Amino acid sequence: MRIGWQLHGDGARITPGEVVAPDERLSWPRTVGIGLQHIVAMFGATFLVPILTGFDPATTLFFSALGTIAFLLITGNKLPSYLGSSFAFIAPILAATASGGQSVAIGGILATGVLLALVGVAVHFAGPRWIQIAMPPVVTGVIVALIGLNLAPVAWGTCDDSGVCSGFQSSPVTAVVTLASIILIQVLFRGLIGRLAILLGVAIGYAFAAVRGEVDFSTAEQADWVGLPHFVAPSFDPGVLGLFLPVVLVLVAENVGHVKSVAAMTGRSYDRLTGRALIADGVATTFAGLGGGSGTTTYAENIGVMAASRVYSTAAYWVAAFGALVLSLSPKFGALIATVPQGVLGGATTMLYGMIGILGARIWVQGKVNFSDPVNLTTAAVPLIIGIADFTWTAGDLQFGGIALGTAAALVIYHVMGAIGRWRGTAEA
């Protein structure tokens, strides 16, 4: 592996039609500036996951930075990517925390990371084609969609016997202001501002909630300016592992999609790095599971920054990783992020969880899935209902929720119906 970059041109300008390749860089001041843009792009989503799940934001940012560094090293400094918090972990973390506590949820993240790394090893030696055969667009689309739709009740929230509510119900006015801000920013602004609609909408909702006296700053005021994040050791409960293992399929799909996106933008083939990318994300998620961070994935938000700047230099990601690491070492910064009130989160997650669901539909559109084929139609229809209704099945000490059962249903229905259809001659070609 070679860590070093060739200067692109004079380091100051990009000729129209050209791109700054992963092994190139602009001048260091410009590279630092682009690296800071990557921090801004990943910031909102990376922090939103720990806020929603009750994890320490600073700890998540710490392992996100370490994970990105590990990703760059494992992929030979050839594949530009930032590893931020994966939304696919939200539902299993919430369920595992409710049943066994945060330590059990972290154990589930660790197990997911190990399994993803093993999948990466298999892909590295066997090639990525078998993933496309096992998980065609109709299957990956439904898995992503049911994860988002399964979280819909969390966005609405619940109220306990004392009248204390979470989610949208905790402060409907604040939630509506937050949601409306996100929606308007998306249509009022283009470029980076438009892509940061959720982060900026949360900031507006936060300011509105602060004016209404809904923000408690006491914890942030007492926090130190410099210090290590709060680490939590994992513990394992076989009963919740079934909640996390389906997430591996989502992470595989996200990483493969990221590799293909970078290849399309740079005009280079990175198929040979697919296995390494999966191994790297698995290692990063395993790191997070060792100390209390959220599981990671490659970030589409940062692909947007690359597309806008036409700079694909991995040097910018090294800047972003070390910048995030510095921010994670400020407990006061993390405590301030944790003060975001429930009403703001309710408004943001109403948009966010819906977007995750629609991303599944986007995979179907991009994959040109034919829903006149009963195999595809059934593969999508049944798992979605299982996920939305959150079907559960208990087998001894193991309990499987809607996401796990929906994922299993998608895989079984697609491959079994397809096999029978080919045998009987009833499946479409």
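Note: the structure precedes this text.
Structural notes, computed from the coordinates. (Residues numbered from 1 in each chain as written. Predicted model: local features only at pLDDT ≥ 70, side-chain atom pairs only at ≥ 80, totals over all residues. Heavy atoms only, no water.)

When its secondary structure is counted, the protein shows 19 helices and six strands. For 429 residues, the compact-globule formula gives about 22 Å, and the C-alpha radius of gyration of the protein, at 21 Å, lands near that figure. Counting only C-alpha atoms and orienting by the principal axes, one finds that the protein spans roughly 65 × 65 × 45 Å. Across the 429 residues that make up the protein, the buried fraction comes to 53%. Taking the contacts inside the protein whose residues are at least 6 apart along the sequence as the reference set, 79% of them involve residues at least 24 apart. Accessible area for the protein stands at about 18,300 Å²; split by element, carbon and sulfur atoms hold 66% of it. Put simply, the protein has 19 plus and 20 minus side-chain charges, and the middle of one group is 17 Å from the middle of the other. (Helix = DSSP H or I, 4+ residues; strand = E, 2+ residues; numbered from the N terminus. Rg over C-alpha atoms; globule rule 2.2 N^0.38 Å. Buried < 20%, exposed > 50% of the residue type's maximum accessible area, 1.4 Å probe, protein only. Contact = heavy atoms within 4.5 Å. Areas by Shrake-Rupley, 256 points an atom, 1.4 Å probe, with all protein chains shown as cover. Lys, Arg positive; Asp, Glu negative; His and termini not counted. Charge placed at Lys NZ, Arg CZ, Asp CG, Glu CD.)

Further remarks concern helix α2 (residues 57-74). If you check α2, its first and last C-alpha atoms are 25 Å apart, about what 18 residues at 1.5 Å a residue would give, namely 26 Å. The buried fraction of α2 is high, at 15 of 18 residues. A side-chain oxygen of the first residue of α2 lies 3.0 Å from the backbone nitrogen of Ala58; this N-cap is Asp56. (Expected span 1.5 Å × (residues − 1). Polar contact = N/O pair within 3.5 Å; in protein donor to acceptor, adjacent residues only side chain to side chain.)

Attention now moves to unusual backbone geometry. In terms of backbone geometry, most residues other than glycine have negative phi values and most peptide bonds are trans. Positioned with a positive phi, Lys368 is a non-glycine residue whose angle comes to about 55°. Among the structural elements, Lys368 can be located in the loop between α17 (342-366) and α18 (374-389). For Asp390, which is not a glycine, the phi torsion comes out positive at approximately 55°. Position of Asp390 relative to the elements: it lies in the loop between α18 and β5 (393-395). Exposure remark for Asp390: the relative accessible area of 39% places this residue in the partly exposed category.

Quick look at the nonpolar core now. Leu79, Phe244, Val252 and Tyr353 are the most contacted members of the largest nonpolar core, which has 104 residues in total. In terms of residue count, the dominant contributor to this core is helix α12 (residues 238-266) (13 residues). Tyr353 has contacts with Leu52, Ile90, Gly148, Leu151, Val154 and Ala155, leaving out every residue within four places of it along the chain. In terms of nonpolar packing, the next biggest core, distinct from the first, is built from five residues, Val20, Ile34, Val311 and Ala316 among them. (Core = buried A, V, L, I, M, F, W, Y, C linked by side-chain atoms within 4.5 Å.)

Here the focus is the pattern of salt bridges. Taken as a whole, this structure holds two salt bridges when the rule is applied. For Arg268, the salt bridge is made with Asp23, and the minimal N-O distance between the two is 3.6 Å. Of the two residues, Arg268 is situated in the loop between α12 and α13 (274-291) and Asp23 in the loop between β1 (6-7) and β2 (24-25); the sequence distance between them amounts to 245 residues. Looking at Asp23, the relative accessible area reads 36%, which means it is partly exposed. (Salt bridge = Lys/Arg side-chain N within 4 Å of Asp/Glu carboxyl O.)

We now examine the state of the cysteines. Counted under the stated rule, the structure contains one disulfide. Linked covalently through their sulfurs, Cys159 and Cys165 form a disulfide whose S-S length is 1.9 Å. Disulfide Cys159 to Cys165: torsion about the S-S bond roughly 105°, handedness right-handed. (Disulfide = S-S within 2.5 Å.)

One can describe the packing of helix α6 (residues 137-150) onto α12 by two numbers: an axis separation of 10 Å at closest approach and a directional angle of 120°. Here α6 is positioned oblique relative to α12, judged by the angle of their axes. For the element pair α6 and α12, the recorded crossing hand is left-handed. Taken together, the residues of α12 that come into contact with α6 (itself represented by Thr140, Ile143, Val144 and Ile147) are Leu249, Val250 and Ala253. The class makeup of the residues in the contact of α6 with α12 is six nonpolar, one polar and no charged. (Axes fitted to C-alpha atoms, helices over the stretch in contact; angles between N-to-C directions. Parallel < 35°, antiparallel > 145°, perpendicular 65-115°, else oblique. Left-handed = near helix turned anticlockwise from the far one by under 90°. Nonpolar A, V, L, I, M, F, W, Y, C, P; charged D, E, K, R; others polar.)

Here we come to the side chain of Thr274. Mapped onto the secondary structure, Thr274 falls in helix α13. Within the local environment of Thr274, its side chain forms a polar contact with the backbone oxygen of Asp271, the two atoms lying 3.0 Å apart. Those residues in contact with Thr274 that lie beyond four places of it in its chain are Val123, Pro128, Val256 and Val259.

Moving on, we get to the packing of aromatic side chains. Going through the model one piece at a time under the given rule, you end up with nine aromatic pairs. On the basis of an interplanar angle of 20° and a centroid distance of 6.2 Å, the ring pair of Trp318 and Phe322 is categorised as stacked. Of this pair, Trp318 and Phe322 are both found in helix α15 (residues 314-328), four residues apart, which corresponds to roughly one turn of the helix. Judged by relative accessible area, Trp318 falls into the buried class, the value being 13%. In this structure Phe322 comes out as partly exposed when scored by relative accessible area, which is 42%. Grouped by ring-pair contacts, the aromatic residues Phe62, Phe63 and Phe231 constitute a single cluster. The side chain of Lys332 reaches across the aromatic face of Trp225, ending 5.2 Å from its centre. Sitting over the face of the ring of Trp423, Arg424 holds its NZ or CZ atom 5.9 Å from the ring centroid. (Phe/Tyr/Trp six-rings, centres within 6.5 Å; stacked < 30°, edge-to-face > 60°. Lys NZ or Arg CZ within 6 Å of the ring centre and 35° of its normal.)

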